[in-house]
Amino acid sequence: MGVAVRPPALRHWFSHSIPLAIFALLLLYLSVRSLGARSGCGPRAQPCVPGGTAPFQVRQESGTLEAPERKQPPCLGPRGMLGRMMRRFHASLKPEGDVGLSPYLAGWRALVQFLTPLGSVFAFATREAFTKVTDLEARVHGPDAEHYWSLAAMAAWERRAGLLEQPGAAPRDLTRSSGSRTLLLLHRALRWSQLCLHRVATGALGGPDAGVQCSDAYRAALGSHHPWLVRQTARLAFLAFPGRRRLLELACPGATEAEARAALVRAAGTLEDVYNRTQSLLAERGLLQLA
């Protein structure tokens, strides 16, 4: 028959064992930390980040931000305004080197929807663009629709039908401009949009603000084609231009600054591809001087 342990002896055993257990755990913790410090890794089973950079941290280099490798932001997704605009414009680039008018105009509609909330200067520009888009859509779906399915087909038809204006001569009735002239005006506005978005996306922190950069883009792409009064109106509108951070928030809601910048760079790249294709087609047909 065993000997019973009296309560005072039990208390005596616990009073000695608990401090020893705590001391052993402390030694284990210190040894693990020592190993982690030598290897550059923490005690958890996670990948190390050399140099102490936290996972998913946005890194800044030469004034631009690099987005981490992760799922694309919603603004580029199926329901995102930027993504919708990019897909429609991309669809206008025909494999044979032409530009399809219906997807081109659909791309412009999406671009107008995207730009309008960004500020008064964009609203000023998009009102003009919307009028021209509507005019060309009436031709694409009108009685002569068979001649307005692409840029090349439209230019060839209007030349044969004697509908093209003389270079540099504005039509007496602007509502009766040729489709080729109307598309040329849209083409120039697309260049401004592309330059502005690209400069907003890539502008260095602490450098010229977005309003200055988009104003410079306006002078490069459109200013020389506008009368003095329009240029002054645009100059005043750029004074109220939103800041870069606000533009990025509006352009790509819910994204980090680096993700929004990367999304705008991609969108501007799509616009540049469409612009370059259109520029070549218009130049080959001698249509760059219609307006």
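As the structure is a computational prediction, the values presented were derived from the model and not from experiment.

Peer 1: Is there a simple way to think about the overall build of the protein chain in this case?
Peer 2: Scanning the protein chain from N- to C-terminus turns up 10 helices and two strands. Start at the N end of the protein chain and walk to the C end: the helices and strands fall as α-β-β-α-α-α-α-α-α-α-α-α. Surface accessibility of the protein chain: about 17,100 Å² in total, with carbon and sulfur atoms responsible for 59%.

Peer 1: When you look at the packing of helix 3 (residues 101-115) against helix 6 (residues 179-202) in this model, what are you seeing that I'm missing?
Peer 2: The relative placement of two packed helices comes down to the angle between their axes together with the axis-to-axis distance. Between helix 3 and helix 6, the least distance of the axes is 12 Å, while the angle of their chain directions is 45°. Comparing the axis directions of helix 3 and helix 6 gives the class oblique. Note on packing geometry: the crossing formed by helix 3 with helix 6 is left-handed. Together, Leu101, Tyr104, Leu105, Trp108, Leu111, Phe114 and Leu115 of helix 3 and Leu183, Leu186, His187, Ala189, Leu190, Ser193 and Leu197 of helix 6 make up the contact between the two elements. Residues of the contact of helix 3 with helix 6, tallied by class, amount to 12 nonpolar, two polar and no charged.

Peer 1: Looking at this model, I keep getting lost on the layout of surface pockets. Mind explaining?
Peer 2: Rolled over the atoms, a probe with the dimensions of a water molecule shows which regions are left empty. The space that makes up the largest pocket amounts to roughly 530 Å³. Forming the boundary of the largest pocket are 21 residues, of which Glu128, Lys132, Leu222, His226 and Val230 lie nearest the centre. Looking at the lining of the largest pocket residue by residue, the class counts come to 15 nonpolar, two polar and four charged.

Peer 1: In this structure, what is going on with the state of the cysteines? I would like to understand it.
Peer 2: Cysteine pairs can be covalently joined through their sulfur atoms, and such a bond is termed a disulfide. This model, assessed by the stated rule, comprises two disulfides. At a sulfur-sulfur separation of 1.9 Å, the disulfide partner of Cys75 is Cys252. In this structure, the disulfide formed by Cys75 and Cys252 twists by about -65° around the S-S bond and is classed as left-handed. With Cys75 in the loop between strand 2 (64-66) and helix 2 (81-91) and Cys252 in the loop between helix 9 (244-251) and helix 10 (257-284), this pair connects stretches of sequence that are 177 residues apart. A residue is classified by how much of its surface remains accessible, and Cys75, at 4% relative accessible area, is buried. Residue classification places Cys252 among the buried positions, given a relative accessible area of 2%.

Peer 1: I tried to follow the packing of aromatic side chains on my own but got confused; where do I start?
Peer 2: Where two aromatic rings form a pair, the distance of their centres and the angle of their planes describe that pair. The final tally for this structure, using the stated rule, is four aromatic pairs. A ring pair is formed by Tyr218 and Phe238, whose centres lie 6.0 Å apart and whose planes are at 55°; its orientation type is tilted. Placement of Tyr218 in helix 7 (residues 210-221) and of Phe238 in helix 8 (residues 228-239) is noted, with a sequence separation of 20 residues between them. Each member of the pair, Tyr218 as well as Phe238, is classed as buried. Between the aromatic rings of Phe238 and Phe241, the centroid separation amounts to 5.8 Å while the plane-to-plane angle is 45°, which identifies the pairing as tilted. Across this residue pair, the class does not change: Phe238 and Phe241 are buried.

Peer 1: Hey, could you run me through the packing of helix 6 against helix 10 in this one?
Peer 2: Viewed as axis vectors pointing N to C, helix 6 and helix 10 meet at an angle of 150°, and their least axial separation amounts to 8 Å. Looking at the two axes, helix 6 sits roughly antiparallel to helix 10. Regarding helix 6 and helix 10, the two cross each other, and that crossing is left-handed. Seen from helix 6, the contacting residues are Leu183, Leu184, His187, Leu190, Arg191, Ser193, Gln194, Leu197, His198, Val200, Ala201 and Thr202; seen from helix 10, they are Arg261, Leu264, Val265, Ala268, Leu271, Glu272, Val274, Tyr275, Thr278, Gln279 and Leu282. Of the residues assigned to the contact of helix 6 with helix 10, the class counts are 13 nonpolar, seven polar and three charged.

Peer 1: Help me understand the nonpolar core in this model?
Peer 2: For soluble globular proteins, nonpolar side chains are generally found buried alongside one another. Counting 64 residues, the largest nonpolar core has Tyr104 and Trp108 as its most contacted members. For this core, the element with the highest residue contribution is helix 6, accounting for 11 residues. Excluding residues within four positions of it along the chain, Trp108 makes contact with Phe89, Ala129, Val133, Leu186, Ala189, Leu190 and Ser193.

Peer 1: Sorry if this is basic, but what is going on with helix 8 here?
Peer 2: Side chains that are three or four residues apart share a direction in an α-helix, a result of its 3.6 residues per turn. The end-to-end C-alpha distance of helix 8 is 17 Å, a good match for the 16 Å that 12 residues give at a rise of 1.5 Å each. When helix 8 is considered as a whole, its buried residues turn out to be Ala234, Ala237 and Phe238. Looking straight down helix 8, one finds that the buried residues subtend no more than 100° of arc, so they occupy a single side. Of the exposed residues in helix 8, the ones pointing more than 90 degrees away from its buried face are Trp228, Leu229, Leu236 and Leu239.

Peer 1: Would you mind showing me how to read helix 7 here?
Peer 2: Helix length check: helix 7 (12 residues) gives 16 Å between terminal C-alpha atoms against 16 Å at 1.5 Å per residue, within 8%. By the burial criterion, the buried members of helix 7 are Ala210, Gly211, Gln213, Cys214, Ser215, Ala217, Tyr218 and Ala221. Capping of helix 7 at its N-terminal end is provided by Asp209; its side-chain oxygen lies 3.2 Å from the backbone amide nitrogen of Gly211.

Definitions and limits used
Residues numbered from 1 in each chain as written. Predicted model: local features only at pLDDT ≥ 70, side-chain atom pairs only at ≥ 80, totals over all residues. Heavy atoms only, no water. Helix = DSSP H or I, 4+ residues; strand = E, 2+ residues; numbered from the N terminus. Areas by Shrake-Rupley, 256 points an atom, 1.4 Å probe, with all protein chains shown as cover. Axes fitted to C-alpha atoms, helices over the stretch in contact; angles between N-to-C directions. Parallel < 35°, antiparallel > 145°, perpendicular 65-115°, else oblique. Left-handed = near helix turned anticlockwise from the far one by under 90°. Contact = heavy atoms within 4.5 Å. Nonpolar A, V, L, I, M, F, W, Y, C, P; charged D, E, K, R; others polar. 1 Å grid on protein atoms, 1.4 Å probe; cavity = no way out; pocket = protein on both sides within 12 Å on 5 of 7 lines; lining within 4 Å. Points joined across faces, edges and corners; volume = space filled by probe spheres on them. Disulfide = S-S within 2.5 Å. Buried < 20%, exposed > 50% of the residue type's maximum accessible area, 1.4 Å probe, protein only. Phe/Tyr/Trp six-rings, centres within 6.5 Å; stacked < 30°, edge-to-face > 60°. Core = buried A, V, L, I, M, F, W, Y, C linked by side-chain atoms within 4.5 Å. Expected span 1.5 Å × (residues − 1). Arc of directions from axis to C-beta. Polar contact = N/O pair within 3.5 Å; in protein donor to acceptor, adjacent residues only side chain to side chain.

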